[in-house]
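One letter stands for each residue in the lines below.
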Amino acid sequence: MIEPPYYPIVYLRGYAGTQGELEATVSTPYMGFNVGSTRVRQLHTGEVLPYVFESPVIRLMKDHGYVDAYSDGRVLPQGPTPGRSIWIFRYYDVADDDFGDGRRREIEFHARGLQRFLRHVRDAVLDEGEDPGRFRAYLVAHSMGGLICRCYLQNRDIPDLDGGRSTGWRGKGVDKVFTYGTPHEGIEFRRGLGWLEGLRDFLDPNNAGNFGPARMREFLDLPDDEPLNSLNGRYPAGRVFCLVGTDWRDYGAALGLSKRAAGPLSDGLVQIRNAAVRGAPRAFVHRSHGGHYGLVNSESGYQNLSRFLFGDTRVAVEMTDVEVVLPRRVARAAAGRREVGVAYHIDTVFSVRGLPVELNRRAYSEGSAIFRTCEQLTGGPTKLFTAFLLRGARVVRRRRSSGFALRIEIRVPDYYAGGSRAGDYYEGGLLFVDKLNVEVAHAEDGRDRVKYGWDRRTPNRAPRDLPLAADGGALVGTLPFGAPRRIRGNIRLTVTGWNTPSDGGD
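Every residue gets a number counted from 1 within its own chain, in the order that chain's sequence is written. Predicted model: local features are reported for residues with pLDDT of at least 70 only, side-chain atom pairs are reported and counted for 80 or more only, and whole-chain, interface and lining totals are derived from all residues. Note: side-chain values were computed over all heavy atoms of the structure, leaving out hydrogens and water.

J.: For this particular structure, what's the right way to read the packing of aromatic side chains?
T.: The geometry of an aromatic ring pair is captured by two quantities: the separation of the ring centres and the angle between the planes. Centre distance within 6.5 Å is the pairing criterion for rings of Phe, Tyr and Trp, where only the six-membered ring of Trp is used; planes under 30 degrees apart are then read as stacked, over 60 as edge-to-face, and the remainder as tilted. Inspection of every chain in the model, using the stated rule, returns 25 aromatic pairs. Members of the aromatic cluster, joined through ring pairs, are F178, Y180, F241, F308, F388 and W498. For a lysine, the NZ atom is tested; for an arginine, the CZ atom; a charge sits over a ring if that atom is within 6 Å of the ring centre and within 35 degrees of the ring normal. Seen from the ring of Y152, K172 lies directly overhead, with NZ or CZ sitting 4.6 Å from the centre. Taking NZ or CZ as reference, R239 lies 5.4 Å from the ring centre of W498, over its face.

This is the structure in structure tokens:
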């Protein structure tokens, strides 16, 4: 039986570079979705204790009542299976010497296999007589698994669940997609190693050419004028969430496409700028592509996953109407139409009240800050983060509201006037730094109430009401921010229901 929003979850693992990695993959039942991690956390006493993340599989079972779909050693049980079930699409089995014929297949082959697999899941979870049109599943994928999902959703030659040529997302049976470190715009190498990309795409060792632009356009059915990270109108970008890793040093891959080739501003394999679908919500966390410090086996990854899949409120936060005050020398140069160079880095850290992890972290020191030129910053809105809130996951149960905080730091790495570095500059200097505290009070009539407060004035409190205006199916509120004689503007919050008919779901 299907009980929205608790649809079946289908997990797809990432790329296996060598035959040994492939064989190790098919020898495990959950293909990495069951791998946890242990980190250390310092308590208020100074004592350091291990912090254990059990794994996405275990947490989904404990927190949301899911079960795995294995039964009596069967990889594909024939049902009946609960709708709250976790399935592993074992697409690499066909390339294993024991499970298949040892030959690797193209992504289109795996996308058609995903279509058949989803049909099987549908037949297993629906009760007799239940409308097949109500079937939905969540696709959760790591790395290349996300490209298989996109191939299924947007390639017109991949049939829908009933074998037709529909490209509508409802016909594909997929309610939402969550990707960990997927190279949505391919994998590039650091400057000076571009020849390696050409060699990879030409020789295509173990299907590594799948991460090059020519091959991606082919299996994603993309015209030349569309960017690689475009869904090309075949699936709503707002129903895709991309988790982006920023820790390139801790990726211990044995592949030639390693952190040495990817370099900084990556997760060790996938560049930060390439890891998200155009127009999709995303979060940045300081985790690597894989290994002990990987994206999948992280508490921050799981918290983003569960809130995106099951949350009830969506809050988009952006910066608007920004005005900046330039140093005198730079302002005089600009007035005299001399060459001026100014850019801004914006750090954002998003956290939910009571959780011991950050759900989004973009930091200048880690190469993941939001970058804006002066013209971009003052010429239009800058998206800071899209948050998904889950009432049932509130850590502080006695509160009826959901609380979150967004720390914002705005800095200028350099000022240039007339071709040389201007004065009035200190490394690490900040134009603005503060933490915005927000309380979203959930009302029975569906009209959420929002309160806010800036940390410098009211630490960890949100005492002020934010007036909200209806804008279609959303509620929009605007509040001022700034630092005297440096920068000023507004923060705009757009609050909508999530997992409701108004968001395009069931």
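Picking up after the structure, the text goes on.
J.: Got a minute to help me understand the sheet that holds strand β7 (residues 174–180) in this structure?
T.: Strands belonging to one sheet form pairs held by backbone hydrogen bonds; the direction of such a pair is parallel or antiparallel. Strand order across the open sheet formed by seven strands is β4-β5-β1-β6-β7-β8-β9, with parallel pairing between neighbours. Two strands close off the open sheet at either side, each with one partner strand: β4 (67–68) and β9 (282–285). When strand β1 (residues 9–12) meets strand β6 (residues 137–142), the two strands line up parallel, connected through four bridges. Each bridged residue has a counterpart across the sheet, and for I9 the counterpart in β6 is Y138. A contact between two residues is defined here by any heavy atoms of the two lying within 4.5 Å. The angle between two axes is taken between their N-to-C directions and runs from 0 to 180 degrees, where each axis is a line fitted to C-alpha atoms and a helix contributes only its stretch in contact. Secondary structure is summarised from DSSP: a helix means a run of H or I of at least four residues, a strand means a run of E of at least two, and numbering begins at the N terminus for each. Lying on the sheet, helix α3 (residues 107–125) is in contact with β1, β5 (85–88), β6 and β7; it crosses β5 at an angle near 155°. Strand pairing is assigned whenever DSSP detects at least two bridges linking the two strands.

J.: Explain helix α9 (residues 299–310) here, please?
T.: Note that an α-helix has 3.6 residues per turn; residues three or four places apart therefore point the same way. With twelve residues, α9 ought to run about 16 Å at 1.5 Å a step, and its terminal C-alpha atoms sit 16 Å apart, in line with that. Burial within α9 is extensive, with twelve of its twelve residues counted as buried. Partly exposed residues are those whose accessible area sits between 20% and 50% of the maximum for their type, while under 20% is buried and over 50% is exposed, using a 1.4 Å probe and protein chains only. Listed as buried for α9 are E299, S300, G301, Y302, Q303, N304, L305, S306, R307, F308, L309 and F310. Multiply 1.5 Å by the residue count of a helix minus one, and that product is the helix's expected span.

J.: Looking at this structure, I do not really get the packing of helix α2 (residues 56–64) against α9. What am I missing?
T.: Geometry of a packed helix pair, given as the angle between the helix axes and the separation of the axes. Two numbers describe how α2 lies on α9: the axes approach to 11 Å, and their chain directions differ by 45°. Comparing the axis directions of α2 and α9 gives the class oblique. In terms of crossing hand, the pair formed by α2 and α9 is right-handed. Across the interface between the two elements, P56, R59, L60, D63 and H64 from α2 touch E299, Y302, Q303, S306 and F310 from α9. In this classification, Asp, Glu, Lys and Arg are treated as charged, Ala, Val, Leu, Ile, Met, Phe, Trp, Tyr, Cys and Pro as nonpolar, and every other residue, Gly included, as polar. Broken down by class, the residue content of the contact of α2 with α9 amounts to four nonpolar, three polar and three charged. These descriptions rest on fixed angle ranges, namely under 35 degrees for roughly parallel, over 145 for roughly antiparallel, 65 to 115 for roughly perpendicular, and the rest for oblique. Here is the rule for handedness: rotate from the far helix to the near one, and if that takes an anticlockwise turn smaller than a right angle the crossing is left-handed, while a clockwise turn gives right-handed.

J.: Help me understand the nonpolar core, please; the structure alone is not making it clear to me.
T.: Side chains that are nonpolar tend, in soluble globular proteins, to be buried together. The biggest cluster of nonpolar side chains holds 139 residues, and the ones touching the most others in it are F33, M319, I408, I491 and L493. Counting residues per element, this core draws most heavily on α3, which supplies eight residues. Discounting chain neighbours no more than four positions away, the residues touching I408 are M319, I346, D347, L384, F432, V433, D434, W454 and I491. The definition of a nonpolar core used throughout is a set of buried Ala, Val, Leu, Ile, Met, Phe, Trp, Tyr and Cys residues joined through side-chain atoms within 4.5 Å.

J.: Got a minute to help me understand the pattern of salt bridges in this structure?
T.: Close approach of charged atoms allows side chains of opposite charge to pair. The salt bridge criterion pairs a side-chain nitrogen of Lys or Arg with a carboxyl oxygen of Asp or Glu, the two atoms within 4 Å. Under the criterion given, the structure shown has 31 salt bridges. A salt bridge links R239 to D175, with the shortest nitrogen-to-oxygen separation between them at 3.1 Å. On the criterion of sequence distance, the pair formed by R239 in the loop between α7 (213–219) and β8 (240–245) and D175 in strand β7 is long-range, its members being 64 residues apart. The buried category is assigned to R239, whose relative accessible area is 4%. Given the relative accessible area of 2%, D175 is considered buried. A salt bridge links D221 to R234, with the nearest nitrogen and oxygen atoms 3.1 Å apart. You can see D221 sitting in the loop between α7 and β8 and its partner R234 sitting in the loop between α7 and β8, a full 13 residues away along the chain. Assessed through its relative accessible area of 13%, R234 is described here as buried. Through salt bridges with shared partners, a single ionic network connects E54, R59, K62, D63 and E299.

J.: It is not clear to me how the pairing of β8 should be interpreted in this structure. Could you clarify?
T.: Judged by how many residues are buried, β8 sits mostly within the fold: six of six residues are covered. Note that β7 and β8 share four bridges and pair parallel. Bridge pairing links V177 to V240 in β8. Where β8 meets β9, four bridges bridge the pair, whose relative direction is parallel.

Keep in mind that these numbers describe shape and distance, not what the molecule does.
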